Amino acid sequence: MLRNLGFRTLRSSPQALMPLRATQRFYHDKVLDHYNNPRNVGKLDAKSQKVGTGLVGAPACGDVMRLQIEVDDKGVISDVKFKTFGCGSAIASSSYMTELVRGMSLEEAGKIKNTTIAKELSLPPVKLHCSMLAEDAIKSAIKDYRSKNPTLGPDAAKGAGAAATAA
Amino acid sequence: MSKILRRWINYYSLFPKTLAAGPPPKGPFEIDTKSLRNEYLKAQQQAHPDVNSGATAADSATLGSAYRTLLDPLLRSRHILELQGSTAVGEDASLDDEELLMNILMVREEVSECEDPAERAKLEQANNERIESTIHKISQAYSENDLETAQKATIELGYWIKLRAAFHGED
């Protein structure tokens, strides 16, 4: 009886053999808030000298994230925009990251660790890689900005000061 | 634990009739799914605790994972790459192929900004074609034992499959 049932179930519903669709997850309120009302979504002019663009992806889940920073002459991040295609945690991580880095120096922003984001959003262990992606994105944006402005050196604030003096 | 263990199970070896040649580069990437299904059902019958009291639930579960993995071109290719020791398709891997990422972002923005149903259907069709041609690229790469290309195309395929789900609001 049991055997028949098991066999029939297997044969009659191929769907039962397919991987489960995205399982229902219970997101933390903060994740939902950023997901439903993401901050700083959009685009900055990637060609501008003042803008650094970070573009990163997580192949395992098919997420892609673009994070852009605009840096003023004091070496401070004055504007920041992001666009993320991915799960709620990836969107929330990048949204929170944009709030966090606005007003920071490049040096401060470069020191942000994914654990800070994971903690703020109470991400579960399986979603830690989403916060990692946001960390990769800001690092990549800073790197892009610095490669456009090599004279600024590792400390953008000091570099900008020196450039102003030289001019 | 199961995750680490899984890497060491060669799923091809569970279906010796259908997949006698083993995974690429020795065997082909394409699989006779009908034959695989038959072999799977027979193996599952034998592994069933009601038939074989010595069998454990794990055997049945492993067979299930193996079948699902081999049936799906993306999962199959990831499995082959894992067997080859690649970590680029794993959960913690990150991607910095700028050209590919730019292309993915561009396509995804185009889809998210498109509201006209007819236009969306066209974009979805284009994506399905993209999926087919990427699978073909993977298969070709394996037949030439070009693992680097196979890996790159597998990563790309993951993104287009994800986009396919996004058309149906499963993103």
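It should be emphasised that the depicted structure is a prediction, and the values quoted were computed from it without experimental measurement.

A.B. asks: Hey, could you run me through the overall build of chain A in this one?
C.D. replies: Assigned secondary structure in chain A consists of 7 helices and 3 strands. For chain A, the sequential pattern of α-helices and β-strands runs α-α-β-β-β-α-α-α-α-α. Across the 167 residues that make up chain A, the buried fraction comes to 43%. Considering only contacts within chain A whose residues lie at least 6 apart along the sequence, 61% involve residues at least 24 apart. A total of about 8,900 Å² of accessible surface is found on chain A, and carbon and sulfur atoms cover 56% of it.

A.B. asks: Would you mind going over the pairing of strand β2 (residues 63–71) of chain A with me for this structure?
C.D. replies: All names here are of chain A. For β2, a buried count of 8 out of 9 residues is recorded, marking the element as mostly surrounded by other parts of the structure. With 8 bridges joining them, strand β1 (residues 51–58) and β2 adopt antiparallel strand pairing. Paired with Gly54 across the strands is Leu67, a residue of β2. Between β1 and β2, which pair antiparallel in sequence order, lie 4 residues; one of them, Gly62, sits at a positive phi of approximately 75 degrees. Where β2 and strand β3 (residues 77–85) come together, 8 bridges link them in antiparallel fashion. Following the sheet pairing, Leu67 is matched in β3 by Phe82. The hairpin turn running from β2 into β3, its antiparallel successor, is 5 residues long, and Gly75 in that turn takes a positive phi close to 80 degrees.

A.B. asks: Sorry if this is basic, but what is going on with the domain arrangement of chain B here?
C.D. replies: Accessible area lost when the parts come together is the quantity often used to give the size of an interface. Residue and element names in this part refer to chain B. One can read the domain layout of chain B as domain 1 (3–71) and domain 2 (98–167). When each unit is reduced to the centre of its C-alpha atoms, the spacing between domain 1 and domain 2 is 28 Å. The interface of domain 1 with domain 2 comprises 4 residues on the first partner and 5 residues on the second. Summed over both partners, the interface of domain 1 with domain 2 comes to about 390 Å²; 73% of that surface belongs to carbon and sulfur atoms. Scanning the region where domain 1 abuts domain 2 turns up 0 salt bridges. Taken together, domain 1 and domain 2 are joined by 1 residue pair in polar contact (both at pLDDT 80 or more). Taken together, the residues of the side of domain 1 that touches domain 2 sort by class into 3 nonpolar, no polar and 1 charged.

A.B. asks: Help me understand the sheet that holds β2(A) in this model?
C.D. replies: Backbone-to-backbone hydrogen bonds join strands into a sheet, with any given pair of strands oriented parallel or antiparallel. Residue and element names in this part refer to chain A. The 3 strands lie next to each other as β1-β2-β3, forming an open sheet whose pairing is antiparallel. Strands with a single pairing partner mark the edges of an open sheet, and in this sheet they are β1 and β3. Averaged over neighbouring strand pairs, the angle between their axes works out to 15 degrees when direction is ignored. Running at roughly 175 degrees to β3, helix α3 (residues 88–101) makes contact with β2 and β3 of the sheet.

A.B. asks: Honestly, the packing of aromatic side chains in this entry has me stumped. Any pointers?
C.D. replies: Residue and element names in this part refer to chain B. Tallied over the full model, the rule gives 2 aromatic pairs over all chains. Where Phe29 meets Tyr142, the ring centres are 5.4 Å apart and the plane angle is 25 degrees; that geometry is what we call stacked. Linking Phe29 in the loop between α1 (2–6) and α2 (33–47) with Tyr142 in helix α6 (residues 117–143), this pair joins segments that are 113 residues apart in sequence. Considering the side-chain rings of Tyr40 and Tyr67, the 4.1 Å spacing of their centres and the 5 degrees angle between planes classify their relative orientation as stacked. Here Tyr67 lies in helix α3 (residues 57–71) and Tyr40 lies in helix α2, a separation of 27 residues in the sequence. Tyr67 carries the same exposure label as Tyr40, and that label is buried. Between Arg76 and the ring centre of Phe29, over which it is positioned, the NZ or CZ distance is 4.7 Å. The side chain of Arg130 reaches across the aromatic face of Trp160, ending 4.6 Å from its centre.

A.B. asks: What should I look at first to understand the pattern of salt bridges in this one?
C.D. replies: Note that side chains of opposite charge can pair when their charged atoms are close. One pass over the structure, following the stated rule, counts 10 salt bridges over all chains. In this structure, A:Asp63 engages B:Lys162 in a salt bridge whose closest nitrogen and oxygen atoms are separated by 3.3 Å. Separated into two different chains, A:Asp63 in strand β2 and B:Lys162 in helix α7 (residues 147–167) make up a pair that spans both. What makes B:Lys162 buried here is its relative accessible area of 17%. We note a salt bridge from A:Lys139 to A:Glu135, for which the minimum N-O separation is 2.6 Å.

A.B. asks: Sorry if this is basic, but what is going on with the confidence of the model for chain B here?
C.D. replies: Residue and element names in this part refer to chain B. Here chain B averages 88 in pLDDT, and 89% of its residues register 70 or above. The least confident element of chain B, judged by mean pLDDT, is α1 at 47; the most confident is α6 at 97. Counting interchain partners and residues more than four positions distant, the pLDDT-below-50 stretch residues 1–6 has 3 contacts. Among the scores for the predicted complex, ipTM is 0.76 and pTM is 0.78.

Rules behind the numbers
Residues numbered from 1 in each chain as written. Chains lettered and ligands numbered in written order. Predicted model: local features only at pLDDT ≥ 70, side-chain atom pairs only at ≥ 80, totals over all residues. Heavy atoms only, no water. Helix = DSSP H or I, 4+ residues; strand = E, 2+ residues; numbered from the N terminus. Buried < 20%, exposed > 50% of the residue type's maximum accessible area, 1.4 Å probe, protein only. Contact = heavy atoms within 4.5 Å. Areas by Shrake-Rupley, 256 points an atom, 1.4 Å probe, with all protein chains shown as cover. Pairing = 2+ DSSP bridges. Domains from an automatic or database assignment. Buried area = accessible area lost by both parts, 1.4 Å probe. Salt bridge = Lys/Arg side-chain N within 4 Å of Asp/Glu carboxyl O. Polar contact = N/O pair within 3.5 Å; in protein donor to acceptor, adjacent residues only side chain to side chain. Nonpolar A, V, L, I, M, F, W, Y, C, P; charged D, E, K, R; others polar. Axes fitted to C-alpha atoms, helices over the stretch in contact; angles between N-to-C directions. Phe/Tyr/Trp six-rings, centres within 6.5 Å; stacked < 30°, edge-to-face > 60°. Lys NZ or Arg CZ within 6 Å of the ring centre and 35° of its normal. pLDDT = per-residue confidence, 0-100.

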